[in-house]
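Chain and residue survey
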Amino acid sequence: MTLAHTHIHTHTHTHTVRYTHNTYNLDSGISMVVKNVCCIGAGYVGGSSCSVLAWKCPDIHVHVVDVSHDTIKQWNSHNLPIYEPGLDEVVKECRGRNLFFSNDIDRAVREADMIFISVNTPTKTYGIGKGKAADLQYVEVCARKIAEVANGPKIVVEKSTVPIQAAQSITHILAANTKPGVSFQVLSNPEFLAEGTAIENLVNPDRVLIGGEESSEGESAMEELTWIYHHWIPQHNIITLSTWSSQLTKLASNAFLAQRVSSINAISAVCEAIGADVSQVADAVGRDSRIGSKFLHASVGFGGSCFEKDLLSLVYIAESLNLPEVARYWQHVNDINHYQRTSFRAAIP
């Protein structure tokens, strides 16, 4: 793929992406070509995302690292730690060629040009924001490790679902520990994966978000990540925007989907009270092209690890910004989900 001197404009007005020989300059003045990628975190998101990246970018070496010896042992075996249709085939094709799984985090960070952070960000169970805010302790540990062992300019990409302004925390940690000859740019690249269709989501995504600093260095770093995705994703599906806009889009997307589930479940309660058929109502509503049929299936409620966590994070952000009405609105979307579960249990003889 030759991208030299090609000018491509994105659908947003925030940035203009320009490729130039697949190199970029950080504030250290050092030119770099991304040939080695490291992902800290060999969980569901990191393992799946970087396996597809290695598959689609055979010219890039991808090292997925984790502190868990058992997890890495599984990634290097015939029984992967997670199951996703198509993932086994992708890993078998790339593993040992340009995809590697290891516990040697220090070496992977030192050799990497670009480092993805893909670790857990659970809801806090302590301190300020308990029960709502995202816990960033693992993200911050990664940032400190990167700052400790980095030996040159690095692009750090936050892949984990993080609250708005989390990149600022990572940037502060990296800046406070920067050594001579070492510099960093921090990007936001949130995932949009659904269990059972993760590989399809990665191969044919609705869109890829790349958020970065609105500076020449930030734009150069975004160009490099855009170049990687452009190996298999059409340019019109790659959106570059500000870091905070990227992070908020992730939370907003899950919040909107969760809202639809709670909305149809709230309607199902009305249907039960008056004798209407919620499946008929959902079908009729879903045929409105402005609404569509997806996520309009009345059920026990939404589950998984993302919707409730991201909703609560959005509630906490709204409260922190002194927007109580906004916080109550999104809190009620989550409350309806709990109401649906309670009602379902109560209906079981």
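Residues numbered from 1 in each chain as written. Predicted model: local features only at pLDDT ≥ 70, side-chain atom pairs only at ≥ 80, totals over all residues. Heavy atoms only, no water.

**Some remarks on the UniProt feature "binding site: NAD(+)" (unreviewed entry) in the protein**
Using the following cut-off: UniProt positions are given in the numbering used here, feature names are shortened, and annotations may be inferred rather than shown by experiment. Helix numbers and strand numbers start at the N terminus; a helix is a DSSP run of H or I with at least 4 residues, a strand a run of E with at least 2. The contact rule is simple, with two residues in contact once any of their heavy atoms fall within 4.5 Å.
In the numbering adopted here, UniProt assigns the feature "binding site: NAD(+)" (unreviewed entry) to Asp66, Thr121, Thr161, Glu195 and Lys309. Mapped onto the elements of the fold, glutamate 195 is located in the loop between β10 (184–188) and α7 (198–203). If sequence neighbours within four positions are ignored, glutamate 195 has contacts with Tyr44 and Glu84.

**Thoughts on the packing of helix α9 (residues 243–274) against helix α11 (residues 307–320)**
This is how it is decided: Every angle, taken between N-to-C directions, lies between 0 and 180 degrees, and every axis is a line fitted to C-alpha atoms, over only the stretch in contact when it is a helix. Should the near helix be turned counterclockwise from the far one by less than a right angle, the crossing is left-handed, whereas a clockwise turn marks it as right-handed. When residues are grouped by polarity, Ala, Val, Leu, Ile, Met, Phe, Trp, Tyr, Cys and Pro land in nonpolar, Asp, Glu, Lys and Arg in charged, and all others, Gly among them, in polar.
Where α9 meets α11, the axes come as close as 9 Å, and the angle between the chain directions of the two elements is 115 degrees. You can see that α9 and α11 cross each other, and the crossing is left-handed. Between α9, through Leu248, Lys250, Leu251, Asn254, Ala255, Leu257 and Ala258, and α11, the contact on the second element is made entirely by Phe307, Asp310, Leu311, Ser313, Leu314 and Ile317. Each residue belonging to the contact of α9 with α11 can be placed in one class, and the counts come to 9 nonpolar, 2 polar and 2 charged.

**Digging into the pattern of salt bridges**
What counts is decided by this rule: The term salt bridge refers to a pairing of a side-chain nitrogen on Lys or Arg with a carboxyl oxygen on Asp or Glu at a separation within 4 Å. Burial here depends on accessible area, computed with a 1.4 Å probe over protein chains only, as a share of the maximum for the residue type. Under 20% is buried, over 50% is exposed, and the range in between is partly exposed.
Applying the stated rule across the entire model yields 8 salt bridges. In this structure, the salt-bridge partner of arginine 107 is glutamate 111, at a minimum N-O distance of 3.0 Å. Residue arginine 107 and its partner glutamate 111 are both found in helix α4 (residues 105–111); the two are separated by 4 residues, about one turn of the helix. Classification of glutamate 111 by relative accessible area gives partly exposed; the value is 37%. Here aspartate 310 and lysine 309 are joined by a salt bridge, their closest N and O atoms 3.7 Å apart. In this structure lysine 309 comes out as buried when scored by relative accessible area, which is 17%. Through salt bridges with shared partners, one network takes in Asp106, Lys145 and Glu148.

**Re α11**
Rules: An expected span of 1.5 Å times one less than the residue number is assigned to each helix.
Here α11 contains 14 residues, and its C-alpha end-to-end distance of 20 Å stays within 8% of the 20 Å for a straight helix at 1.5 Å per residue. Most of α11 is tucked away: 10 of the 14 residues are buried. Buried-residue contacts for α11 involve α9 and α12 (324–347).

**Comments concerning a nonpolar patch on the surface**
Here is the rule: Residues with no salt bridge and a relative accessible area higher than 30% make up the patches, which join like charges within 9 Å and nonpolar side chains (Val, Leu, Ile, Met, Phe, Trp, Tyr) within 5 Å. Areas reported here follow the Shrake-Rupley algorithm with a probe of radius 1.4 Å; residue values treat only the protein chains shown as occluding.
On the surface, a cluster of nonpolar side chains totalling about 260 Å² of accessible area is made up of Val300, Phe344 and Ile348. Examined against the element boundaries, phenylalanine 344 turns out to sit in helix α12.

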